[in-house]
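# Fold and contact review
The lines below spell out each chain.
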Amino acid sequence: MALLLIKAIISGMLVGMVYALIGAGLNIIYGVMRVVNFAHGDFLKLAAYITYWLSVLYGIDPLASLLIIIPLFFILGVVIYYWTVPRLLKSEDPEIASYLAYFGIALIINSGIIIGWGGDPRGVPCPFKVASISTGGIHLPTGRLIAFAVCLIITLALTLFLYRTYYGKAIRAVIQNRDAVQLLGINMNKISAISFGIGLTLAGTAGTLVVLVFPAIAPGMGTSYTTIAFVAIVLGGLGSPLGAVLGGLIYGLAENISAVFIPTALSPVIAFIILIITVMIKPQGLLART
């Protein structure tokens, strides 16, 4: 039992970092624009299928495909921002309007994936010569270890960007007080476009890493990852990108540790119980300020 628990903790941390990346991307978009990107998990799914396509058709390693996915999804995020967000912000209730608009985009992405790749699950063969690493009787999949390392590097880069660069500080300022930032003359349109691009870039990166972490991808997985992203940002705190990282780790640990004691299908319930308790005790989230 002790060995299973240790393995669950390690697995929870490895998977939780991918969840953290998903939540951080959604939190940046919501924090800056106050729009609900309900298609966030579907953009992740799209990146996963593009990674699969690049691997099967062109033999491009999933890690190498990040060189394509990252700029592609940043540009896609900027384009979608200018196409949708300015119009949504003019509506009477931007949050509800954005929910409906991105729900429609999620349906479009899902239908496109089913038409293009079919409804069957797909998987990318392990691209590494060593499939797993054994230590102390615990077998750790190489794909998950590398995905964890990539997530850690990107999280550190995101932290440096938010706290050490002009645009990063501007994004944090917009999240804290949108009206005050406008009085200071900061170009809100530009900052919002960059934020949306970063948000989709993190979702796309997570989508590529999901191919390494889980054995298969399927058209129906988008909603699950959107749900995980919302849980992560509520746990960590709305408008706190680094709080979402903590929320993702908590979700991953809760999901994997609980699977040791209860059926795997019920393990997400524990994560939602933790979410409810957190909301009752600290409604603003663990790291967000009141």
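Scroll up a little and you will see the structure.
Residues numbered from 1 in each chain as written. Predicted model: local features only at pLDDT ≥ 70, side-chain atom pairs only at ≥ 80, totals over all residues. Heavy atoms only, no water.

## Observations regarding the overall build of the protein chain
The line we're drawing: Per the convention used, a helix needs a DSSP run of H or I reaching at least four residues, while a strand needs a run of E reaching at least two, with both numbered from the N terminus. Here the radius of gyration uses the C-alpha set of atoms, whereas the globule reference equals 2.2 Å times the residue count to the power 0.38. Each residue gets one of three labels from its accessible area relative to the maximum for its type: buried under 20%, exposed over 50%, partly exposed in between, using a 1.4 Å probe on protein chains only. Residues count as neighbours in contact if any of their non-hydrogen atoms are within 4.5 Å of one another. Areas reported here follow the Shrake-Rupley algorithm with a probe of radius 1.4 Å; residue values treat only the protein chains shown as occluding. Charge assignment in this entry is limited to Lys and Arg as positive and Asp and Glu as negative, and neither His nor the chain termini are counted. Lys charges are placed at NZ, Arg charges at CZ, Asp charges at CG and Glu charges at CD.
Looking only at helices and strands, one finds 11 helices and 2 strands in the protein chain. Ordered by position in the sequence, the α and β elements of the protein chain form the string α-α-α-α-β-β-α-α-α-α-α-α-α. Over its C-alpha trace the protein chain gives a radius of gyration of 19 Å, about what one expects of a compact globule, namely 19 Å for 290 residues. Principal-axis analysis of the C-alpha atoms places the extent of the protein chain at approximately 60 × 45 × 35 Å. For the protein chain, with 290 residues in total, the buried portion stands at 48%. Taking all contacts inside the protein chain whose residues are at least 6 apart in sequence as the whole, residues at least 24 apart take part in 75%. Roughly 13500 Å² of accessible area belongs to the protein chain as shown, and the carbon and sulfur atoms make up 71% of that amount. Seen as two clouds, the 15 positive and the 8 negative side-chain charges of the protein chain have centres 12 Å apart.

## Some thoughts on helix H1 (residues 2-33)
Put simply, the rule is: Expected helix span is computed as 1.5 Å times (number of residues minus one). What the bend at a residue measures is the angle between two axes, fitted to the seven residues ending there and to the seven starting there.
Between its terminal C-alpha atoms H1 stretches 45 Å, which fits the 46 Å expected from 32 residues at 1.5 Å a residue. At Gly16, H1 is deflected by roughly 25 degrees, the largest bend along its length. The buried count for H1 comes to 23 of 32 residues, which makes it a mostly enclosed element.

## Comments concerning the pairing of strand E2 (residues 138-141)
Definition in use: At least two DSSP bridges between two strands are needed for those strands to be called paired.
Burial of E2 is one-sided: the residues Ile138 and Leu140 facing one way are buried, the residues His139 and Pro141 facing the other way are not. Bridge count for strand E1 (residues 132-135) against E2 is 4 bridges, and the pairing is antiparallel. Within the sheet, the bridge partner assigned to Ser134 lies in E2 and is His139. Counting the residues between successive antiparallel strands, the hairpin from E1 to E2 contains 2 residues, one of them, Gly136, with a positive phi of roughly 60 degrees.

## Here we look at the pattern of salt bridges
Note the following rule: Put simply, a salt bridge is a Lys or Arg side-chain nitrogen that is within 4 Å of an Asp or Glu carboxyl oxygen.
Under the counting rule described, the total for this entry stands at 1 salt bridge. Residue Lys45 is joined to Asp42 by a salt bridge in which the shortest nitrogen-to-oxygen separation is 3.0 Å. With Lys45 and Asp42 both in helix H2 (residues 40-58) and 3 residues apart, the pair spans about one turn of that helix. The exposure classification of Lys45 matches that of Asp42, with both residues buried.

## Topic: the side chain of Thr51
Here Thr51 lies in helix H2. With a relative accessible area of 0%, Thr51 lands in the buried category. Discounting chain neighbours no more than four positions away, the residues touching Thr51 are Pro62, Ser65, Ile69, Thr208 and Val211.

## Here's the deal with helix H8 (residues 188-213)
Selection rule: N or O atoms within 3.5 Å of each other form a polar contact, as long as, within protein, one can give a hydrogen and the other can take it, and as long as residues adjacent in sequence are counted only when both atoms are side-chain atoms.
Here H8 spans 37 Å end to end across 26 residues, near enough to the 38 Å set by a 1.5 Å rise per residue. With 24 of 26 residues buried, H8 is to be regarded as a mostly interior element. Regarding H8, its N-cap is Asn187, as a side-chain oxygen of that residue lies 3.1 Å from the backbone nitrogen of Asn189 further along.

## Brief notes about the side chain of His40
Secondary-structure assignment places His40 in helix H2. Residue His40 is classed as buried on the basis of its relative accessible area, which comes to 0%. In terms of polar contacts, His40 uses its side chain to reach the backbone amide nitrogen of Leu26, at 3.4 Å. Apart from the residues within four sequence positions on either side, His40 is in contact with Ile22, Gly25, Leu26, Ile29, Gly199, Ala203, Thr226 and Ala229.

## A word on the packing of helix H5 (residues 142-164) against helix H6 (residues 166-176)
Under the convention used in this document: Structural elements are reduced to axes, namely lines fitted to C-alpha atoms, with helices fitted over the stretch in contact, and the angle between N-to-C directions of any two is expressed from 0 to 180 degrees. When an angle is under 35 degrees it counts as roughly parallel; over 145 it counts as roughly antiparallel; between 65 and 115 it counts as roughly perpendicular; any other value is oblique. Residues are sorted three ways: Asp, Glu, Lys and Arg are charged, Ala, Val, Leu, Ile, Met, Phe, Trp, Tyr, Cys and Pro are nonpolar, and all the rest, Gly among them, are polar.
Where H5 contacts H6, the two axes come as close as 5 Å, and the packing angle between them is 80 degrees. Relative to H6, the element H5 is oriented roughly perpendicular. Along its contact with H5, which presents Phe161, Leu162, Tyr163 and Arg164, the element H6 presents Tyr166, Tyr167, Gly168, Lys169, Ile171 and Arg172. Grouping the constituent residues of the contact of H5 with H6 by class yields 6 nonpolar, 1 polar and 3 charged.

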